[in-house]
Amino acid sequence: MQKRTLLKTAAAVAMLATGSVALAQSAPFKIGLILPMTGQQATTGRQIEAAARLWIAQNGDTVAGRKVQLIVKDDTSVPDVTRRVAQELIVNEKVDVLAGFGITPSALAVAPMATQSKTPLVVMAAATSSITEASPYVVRTSFTLPQAAVAMADWAPKNGIKTVVTLVTDYGPGLDAEKFFKSRFEFNGGKVPETLRVPLRNPDFAPFLQKVRDIKPDALFVFVPSGAGAAVMKQFGERGMDKAGIKLIGTGDVTDDDQLNDMGDVALGVVTSHHYSAYHPSPANKKFVAEFQKANKGLRPNFMAVGGYDGMRVIYEALKKTGGKGGGDALLAGMKGQIFESPRGPVFIDAQTRDVVHNIYLRKVEKKDGQLHNVEFDVLKDVKDPGKTK
Ligand code: PHB
């Protein structure tokens, strides 16, 4: 009698267990997308959210039989808020993947939590080289500043630019841009008489630009994060720097496609190095831009949007590889080594570094069909992050 009850109980437990496995299978796959939706970096949030939603609209919300749920949270680009929001997403929502991260300090704030909870963290925006080394669960689909800065340091001296003052935002990506531009440019025989740094919060470029005018280098090399480029360009023009014979060069963040068309003629002729231009002439990009604009009242996608779009692809493909099961380590394994055609061109997620390998283009701002665009005129193929030590 007792034995029979035991058997019955065992059978019931087994049934329950199988049931719960089936339930877990059918539970949605949750992507916690943490973005700056308000505050100084809000354009980054708007671009990445729009790109993620476009990816889902184009590819469906079911992957290998598993429903995908996107949970968007605003971190206002304040790292303490990023940390709190990530904690909620991991503990309460039990998200399968964390993604987004508009600025470097936000990504770094959450990296230890990704390690501890074994949650893949897909960096779609932040671009300081060292972020991928902050946790073995970080995978990046944005870019790195050293990739872009080194390309410019090679181009400039071959094009009559012998002295350069650098002006960067004073935090991770700016310091990477300054360091990698300066050392490579000097190695190439160039001179850097001054390196200037402006604060991330509420920067006033005027006194720095005045200093550059006084030094009168051949060019000013600029890195400012997405969203701040228009202010630099405006003040550069107002001070007549271009008329004084000082060229503006930089990484493509300064001629950000989100703002470029409203910058006015002062932007014409500005040469930058970057991984993405909305004007990139491939069929894949033309389709991406057309569908993005159609879904977003004509908004032009920028490099942040592409980081978000490709990040969604990396997550979808990894989930497919696990047959819809997911699991932190299995997803991470599925993300490493992916190769695909992005709107930016060919992309490879290096399995060793978990960082993005892609083309870096040299581009010049030109007017095309009445609009300002970053028009590509040269390419460095399959550029790995030069900032990686191993
Ligand atoms: C960053 O904080 O890592 C960052 C933000 C905006 C950029 C580039 C890098 O345009």
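Residues numbered from 1 in each chain as written. Predicted model: local features only at pLDDT ≥ 70, side-chain atom pairs only at ≥ 80, totals over all residues. Heavy atoms only, no water.

**Q** Give a description of the overall build of the protein that names residues and reports values.
**A** When its secondary structure is counted, the protein shows eleven helices and 15 strands. The C-alpha atoms of the protein give 23 Å as radius of gyration, which agrees with the globular expectation for 390 residues (21 Å, within 12%). Projecting the C-alpha coordinates of the protein onto the three principal axes gives extents of approximately 100 × 40 × 35 Å. The burial tally for the protein puts 55% of its 390 residues in the buried class. If you take every contact in the protein between residues at least 6 apart in sequence, the share linking residues at least 24 apart comes to 68%. For the protein, the exposed area adds up to about 16,200 Å²; of that, 55% sits on carbon and sulfur atoms. Distance from the positive charge centre (49 side chains) to the negative charge centre (39 side chains) of the protein: 6 Å. (Helix = DSSP H or I, 4+ residues; strand = E, 2+ residues; numbered from the N terminus. Rg over C-alpha atoms; globule rule 2.2 N^0.38 Å. Buried < 20%, exposed > 50% of the residue type's maximum accessible area, 1.4 Å probe, protein only. Contact = heavy atoms within 4.5 Å. Areas by Shrake-Rupley, 256 points an atom, 1.4 Å probe, with all protein chains shown as cover. Lys, Arg positive; Asp, Glu negative; His and termini not counted. Charge placed at Lys NZ, Arg CZ, Asp CG, Glu CD.)

**Q** Give a description of helix α4 (residues 104-117) that names residues and reports values.
**A** The end-to-end C-alpha distance of α4, which contains 14 residues, comes to 20 Å, matching closely the 20 Å that a straight helix rising 1.5 Å per residue would cover. Turning to α4, the residues buried within the fold contact α3 (79-91), β4 (97-100), β5 (121-123) and α6 (172-187). Just downstream of α4, K118 is the residue with a positive phi angle, here 55°. (Expected span 1.5 Å × (residues − 1).)

**Q** Which residues make up the packing of helix α10 (residues 303-321) against helix α11 (residues 328-335), and what values do they have?
**A** Contact geometry for α10 and α11: axes closest at 8 Å, N-to-C directions at 115°. The handedness of the crossing between α10 and α11 is right-handed. Between α10, through V314, I315, A318, L319 and K321, and α11, the contact on the second element is made entirely by L331, G334 and M335. Considered class by class, the residues forming the contact of α10 with α11 number six nonpolar, one polar and one charged. (Axes fitted to C-alpha atoms, helices over the stretch in contact; angles between N-to-C directions. Left-handed = near helix turned anticlockwise from the far one by under 90°. Nonpolar A, V, L, I, M, F, W, Y, C, P; charged D, E, K, R; others polar.)

**Q** So what's going on with the site of the ligand? Residues and values would help.
**A** Taken together, 14 residues lie near the ligand, and T104, A127, Y171, S226 and D253 sit nearest. Contacts to the ligand include A127, whose backbone N or O atom sits 2.8 Å from an oxygen atom. At 2.7 Å, a side-chain N or O of Y171 approaches an oxygen atom of the ligand. In isolation the ligand offers 280 Å² of accessible surface; the protein chains occlude 100% of this area. (Near = heavy atom within 4 Å. Polar contact = N/O pair within 3.5 Å; in protein donor to acceptor, adjacent residues only side chain to side chain.)

**Q** Describe the packing of aromatic side chains, listing the residues and the values that go with them.
**A** Evaluated as defined, the whole model comprises eight aromatic pairs. Their ring planes at 20° and their centres at 5.1 Å tell us that F181 and F185 sit as a pair that is stacked. One end of the pair is F181 and the other is F185, both in helix α6 and four residues apart, which spans about a single turn. Each member of the pair F181 and F185 is classed as buried. (Phe/Tyr/Trp six-rings, centres within 6.5 Å; stacked < 30°, edge-to-face > 60°.)

**Q** Can you break down the sheet that holds strand β3 (residues 66-74) residue by residue, with the values?
**A** What the six strands build is an open sheet, ordered β2-β3-β1-β4-β5-β6; its pairing is mixed. Each edge of the open sheet is held by one strand with a lone partner, namely β2 (62-63) and β6 (138-140). The pairing of β4 with β5 spans three bridges and is classified as parallel. Residue pairing across strands places G100 opposite V123, the latter belonging to β5. Contacts from α4 reach β4 and β5, with the element oriented near 160° to β5. Sheet strands touched by α10: β1 (29-35), β2, β3, β4, β5 and β6. Its angle to β1, the strand with the most contacts, is close to 160°. (Pairing = 2+ DSSP bridges.)

**Q** Could you give an account of the UniProt feature "domain: Leucine-binding protein" (unreviewed entry) in the protein, naming the residues involved and the relevant values?
**A** The sites that UniProt annotates as "domain: Leucine-binding protein" (unreviewed entry) are residues 28-368. For residues 28-368, the helix share is 39%, the strand share is 22%, and the end-to-end C-alpha distance is 45 Å. (UniProt positions renumbered as here; feature names shortened; annotations may be inferred.)

**Q** I'd like a rundown of the side chain of D385, residues and numbers included.
**A** Residue position: D385 is located in the segment after β15 (371-383). Residue D385 is classed as buried on the basis of its relative accessible area, which comes to 8%. Here K388 takes part through its side chain, which lies 2.6 Å from a polar atom of the side chain of D385. The residues contacting D385, other than those within four sequence positions of it, are S129, T144, P146, Q147 and D355.

**Q** Quick one: what's the story with the nonpolar core, residue by residue and with numbers?
**A** Within the largest apolar cluster, 90 residues are counted, with the highest numbers of intra-cluster contacts made by L98, F181, I249, F288, M312 and I315. Here this core takes eleven residues from α10, the largest share from any one element. Excluding anything up to four places from it in sequence, L98 contacts G32, I34, L89, I90, V110, T119, P120, L121 and V122. If you look at the next biggest cluster of nonpolar residues, it comprises 24 residues, including L167, L196, V254 and V365. (Core = buried A, V, L, I, M, F, W, Y, C linked by side-chain atoms within 4.5 Å.)

**Q** Residue-level account of empty space enclosed by the protein, with values.
**A** The full count for this structure, using the stated rule, is two cavities of 30 Å³ or more. Within this model, the largest cavity holds a volume of roughly 110 Å³. Lining the largest cavity are 18 residues, and of these G102, A125, Y171, P225 and M304 lie nearest its centre. Here the lining of the largest cavity is built from residues that sort into twelve nonpolar, five polar and one charged. Empty space within the second largest cavity amounts to approximately 40 Å³. In the lining of the second largest cavity, the residues fall into two nonpolar, five polar and three charged. (1 Å grid on protein atoms, 1.4 Å probe; cavity = no way out; pocket = protein on both sides within 12 Å on 5 of 7 lines; lining within 4 Å. Points joined across faces, edges and corners; volume = space filled by probe spheres on them.)

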